[in-house]
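# Close look at the chain arrangement
Spelled out, the chains give:
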Amino acid sequence: MKYSFKIGSLQINNPIFLAPMAGVTDRPFRLICKKKGAGMMYTEFVSANGIIRENQKTLDMIKFSDIERPLGVQIFGDEADIIGKSAKLISERFNPDIIDINFGCPVPKIANKGAGSGALKDKNLMKDIVKEVIKNSSDIPVTVKMRAGWDSNSIISTEAGLMLEGLGVQAITLHPRTRSQSFKGCADWELIRELKETVNIPVIGNGDIKDPDDAIKMFHKTNCDAIMIARAVLGNPWILESIFNKLNGLKNKPVTILDRINICKEHFSLLLEDKNEQVCINYTKKHFNWYLKGFDGASKLRRKFMKVKSTKEIGNLLDSIN
Ligand SMILES: Cc1cc2nc3c(=O)[nH]c(=O)nc-3n(C[C@H](O)[C@H](O)[C@H](O)COP(=O)(O)O)c2cc1C
C-alpha cells in the first residue's frame, strides 16, 4: 500500500479508518471491522468525567485487545483538568496507540457545555484541553477530531488546525460540517484540502464517503493522508476491504446473502461474549436491521429478529437459516 504515514511515532500502513461512533464502535463491531480491513479504529467517545470517577460502564468502553491495534481512545469533556486526568488514567491503565479528543459532537447536552463541538466556540478552552491532554498522555500521540466550526459564520478548521499543530497535536481528523449543520447538507471537502495544505501533521478526511469511488475521490480532491468512514460501514463493513482493493487495483467480490447471514452469526456470538442479555438483544437487533437488507426475503427475516425476546431465540432463529 503506497499510503503509509506516521502519527507521532505510530506507523500507519493502511489509511482506511473506522470512525468513532457512539453506540456502535464497541469491541464486537471493532473486531468485525478489523477483519474487514480497518487500518485504524477508535472507541466510542468516552466521558472524561466518567473515567476519572472510575465508572465501571465507562471503563468497559475503553477495554480493547491487542488484535484491535492500532486503536485510539476518544475522550470528551468540558474541563481541562478533568480531561487531562482522564488522559493520564487512560495512558497508564490502557496504553492505547492514540488518545483522540472529540471537538465534533453536536449533541446539545454536550456541546452547549463546551465539550465536543462546543469547544469550537472557545479557542482558549480548546487550547487548555489540548495542553492538559498532551501533558498527561506520556508519549502516546494525541490527536483531535473536529468539525469545521460552530456555524457557517465561524468556520475555524484551518486556523484551529494551525493552533493545534503548534500545541503538539499529532494528527487532525476533519468532518467538514458545522455544529449547526449536524448531518444536513454536504461535507465541504475543500476545507479538508485547505487544512492539509496548511499543516504539516497528518490530516484524516471524513464525511460523506458512501462507496469506494468516494474514498478515492476524497484522497484525490483533498490530498488527505487517510480517510475515515462512519455511516457507510453500518451494515456494510465490507466497504473497508472494497476501498482497500480499489486503492490497490484489486477486484471486489459482491457481498452475498450468505456473507450477510454469516456476519450476523459472527457478530451475535461476539455480542454474547461482551454484553449482558438485554444489551446483547438490543445491539443484535440494531445491527441485524442494518445487515439484513438488499435481498429477497430480507424484510421478512428482519421482522422475525425484531420480535425476539431472548438471546436463545436469536440463536435458534440463526440456526434455522441455511
Ligand atoms: C451513530 C453515530 C455515532 C457517532 N458517534 C461519534 C463519536 O462517538 N465520536 C465522534 O467523533 N464522532 C461520532 N460520530 C460522527 C462520525 O464519526 C463521523 O464524523 C460522521 O458520521 C461523518 O462521517 P460519515 O459521513 O462517514 O458518516 C457519530 C456518527 C454516527 C452516525
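This structure is a prediction, so every number in the text was calculated from the model and none was measured.

How each quantity is defined
Residues numbered from 1 in each chain as written. Predicted model: local features only at pLDDT ≥ 70, side-chain atom pairs only at ≥ 80, totals over all residues. Heavy atoms only, no water. Near = heavy atom within 4 Å. Polar contact = N/O pair within 3.5 Å; in protein donor to acceptor, adjacent residues only side chain to side chain. Areas by Shrake-Rupley, 256 points an atom, 1.4 Å probe, with all protein chains shown as cover. Nonpolar A, V, L, I, M, F, W, Y, C, P; charged D, E, K, R; others polar. Salt bridge = Lys/Arg side-chain N within 4 Å of Asp/Glu carboxyl O. Helix = DSSP H or I, 4+ residues; strand = E, 2+ residues; numbered from the N terminus. Buried < 20%, exposed > 50% of the residue type's maximum accessible area, 1.4 Å probe, protein only. Lys, Arg positive; Asp, Glu negative; His and termini not counted. Contact = heavy atoms within 4.5 Å. Pairing = 2+ DSSP bridges. Axes fitted to C-alpha atoms, helices over the stretch in contact; angles between N-to-C directions.

## What to know about the site of the ligand
Around the ligand, a shell composed of 16 residues is seen, among which Ala22, Lys145, Asn206, Asp208 and Arg231 lie nearest. Contacts to the ligand include Asn102, whose side-chain N or O atom sits 3.2 Å from an oxygen atom. Burial of the ligand by the protein amounts to 85% of the accessible area it has alone, namely 610 Å². For the shell around the ligand, the per-class residue count stands at eight nonpolar, five polar and three charged.

## As for the pattern of salt bridges
Taken as a whole, this structure holds 20 salt bridges when the rule is applied. Taking the shortest distance from any N to any O, the salt bridge between Arg193 and Glu197 comes out at 2.6 Å. Taken together, the residues span about one helical turn, with Arg193 and Glu197 both in helix α8 (residues 189–198) at a distance of four residues. Taking the relative accessible area as the measure of exposure, Arg193 reaches 26% and is therefore partly exposed. Look at Glu197 and you get exposed, because its relative accessible area is 61%. A salt bridge links Lys196 to Asp225, with the nearest nitrogen and oxygen atoms 2.9 Å apart. In this pair, Lys196 is assigned in helix α8 and Asp225 in the loop between α9 (212–222) and β10 (226–229), connecting sequence segments 29 residues apart. The pair Lys196 / Asp225 is uniform in exposure class, with both members buried. The network of salt bridges with common partners includes Asp26, Arg27, Arg30, Glu68, Asp274 and Lys275.

## So, the side chain of Glu44
Secondary-structure assignment places Glu44 in strand β4 (residues 41–47). An unpaired buried charge is present at Glu44: no salt bridge exists, and Lys275, the closest side chain of opposite charge, is 5.6 Å distant. Here Glu44 is in contact with Met21, Ala22, Gly23, Val24, Thr25, Asp26, Met61 and Gln74, once residues within four sequence places are set aside.

## Considerations on the sheet that holds β10
Strands sit in the order β3-β10-β9-β8-β7-β6-β5-β4 across an open sheet of eight strands; the sheet is parallel. Because the sheet does not close on itself, it has two edges, and the strands there are β3 (16–18) and β4. Sheet twist, expressed as the mean angle between neighbouring strand axes with direction ignored, is 30°. Direction of pairing for strand β7 (residues 142–149) relative to strand β8 (residues 171–178): parallel, over a ladder of six bridges. Bridge assignment links Arg147 to a residue of β8, and that residue is His175. Contacts between helix α4 (residues 80–93) and the sheet are confined to β5 (71–76) and β6 (98–103), with β5 contributing the most and set at about 155° to the helix. In the packing of helix α7 (residues 157–167) onto the sheet, the strands contacted are β6, β7 and β8, and the crossing angle to β7 comes to about 160°.

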